Amino acid sequence: MSDISLTILPETPDDALAIERLHERTFGPGRYAKTAYRIREGVGHRYELSFTARIGSLLVGSVRLSPVLVGKTPALLLGPLTVEPPFRERGIGRALIARALADARTQGHRLVVLVGDEPYYGRAGFKRVPKGRAVMPGPVDPERLLVAELVPGAFDGVSGLIRPEWDE
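Just so it is clear, the structure is predicted and the values come from calculations on it, not from any experiment.

Caption draft 1: Layout of the overall build of the chain. When helices and strands are counted, the chain shows four helices and nine strands. Element order for the chain, N to C, with α for helix and β for strand: β-α-α-β-β-β-α-β-α-β-β-β-β. Out of the 168 residues in the chain, the part that is buried amounts to 46%. If you take every contact in the chain between residues at least 6 apart in sequence, the share linking residues at least 24 apart comes to 70%. For the chain, the accessible area works out to roughly 8,500 Å², and carbon and sulfur atoms hold 53% of it.

Caption draft 2: Geometry of helix α3 (residues 92–106). The terminal C-alpha atoms of α3, which comprises 15 residues, lie 21 Å apart, in line with the 21 Å expected from a rise of 1.5 Å per residue. Of all the positions in α3, only I92, G93, A95, L96, I97, A100, L101, D103 and A104 are classed as buried. For α3, the secondary structure elements touched by its buried residues are β1 (6–10), β2 (51–55), β3 (58–70), β4 (73–83), β5 (111–115) and α4 (118–121). Of the residues one or two after α3, G108 is the one with positive phi, at around 95°.

Caption draft 3: Just the pairing of β3, in detail. Among the 13 residues in β3, twelve count as buried, and that is most of the element. Judged from the five bridges that link them, β2 and β3 form a sheet pairing that is antiparallel. When the sheet's bridge partners are listed, T52 is paired in β3 with S62. What sits between the antiparallel neighbours β2 and β3 is a turn of two residues, in which G56 has the positive phi angle 65°. When β3 meets β4, the two strands line up antiparallel, connected through nine bridges.

Caption draft 4: Molecular detail of the pairing of strand β9 (residues 160–164). Direction of pairing for β3 relative to β9: antiparallel, over a ladder of three bridges. Across the sheet, V68 pairs through a bridge with P164, a residue of β9. Summarising the sheet, strand β7 (residues 134–135) and β9 pair through two bridges and their orientation is parallel. Note on β9: the bridge partner recorded for V135 is L161.

What counts as what
- Residues numbered from 1 in each chain as written.
- Predicted model: local features only at pLDDT ≥ 70, side-chain atom pairs only at ≥ 80, totals over all residues.
- Heavy atoms only, no water.
- Helix = DSSP H or I, 4+ residues; strand = E, 2+ residues; numbered from the N terminus.
- Buried < 20%, exposed > 50% of the residue type's maximum accessible area, 1.4 Å probe, protein only.
- Contact = heavy atoms within 4.5 Å.
- Areas by Shrake-Rupley, 256 points an atom, 1.4 Å probe, with all protein chains shown as cover.
- Expected span 1.5 Å × (residues − 1).
- Pairing = 2+ DSSP bridges.

Now the structure itself:
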């Protein structure tokens, strides 16, 4: 990132259109069929825990956190995380994740789950959910279901279906 001047800011409602266009370019129409997207649909992400990455006034990345339950335990679902293809591999995604997790921890949240690649997200403290401990309500490769404890031991004893917080 040393060759770019990156600014990470909390997302605002004014960012919605630019972020949606970014999602269209990077994920395509198939994103609507993914289980994690279906969970996030209608829940609404938390603006105070969702961030944009900008170079000057150009939006180049975004990360969102949405409230979910794992069984009966409150957690956050990270995603989507996206960075414009020409700006990938410059640490922008890692910077967005770090900011989102730090702010979530500061605000008292204990757990964050996501569907993603462990080699990438593991650098941010995510680890694979032990088989059968938590499940998504649709098709998800269990090897890609990851959790980060924002408080040591926060995942101890937690199990169950991952679902929107409003579903409770």
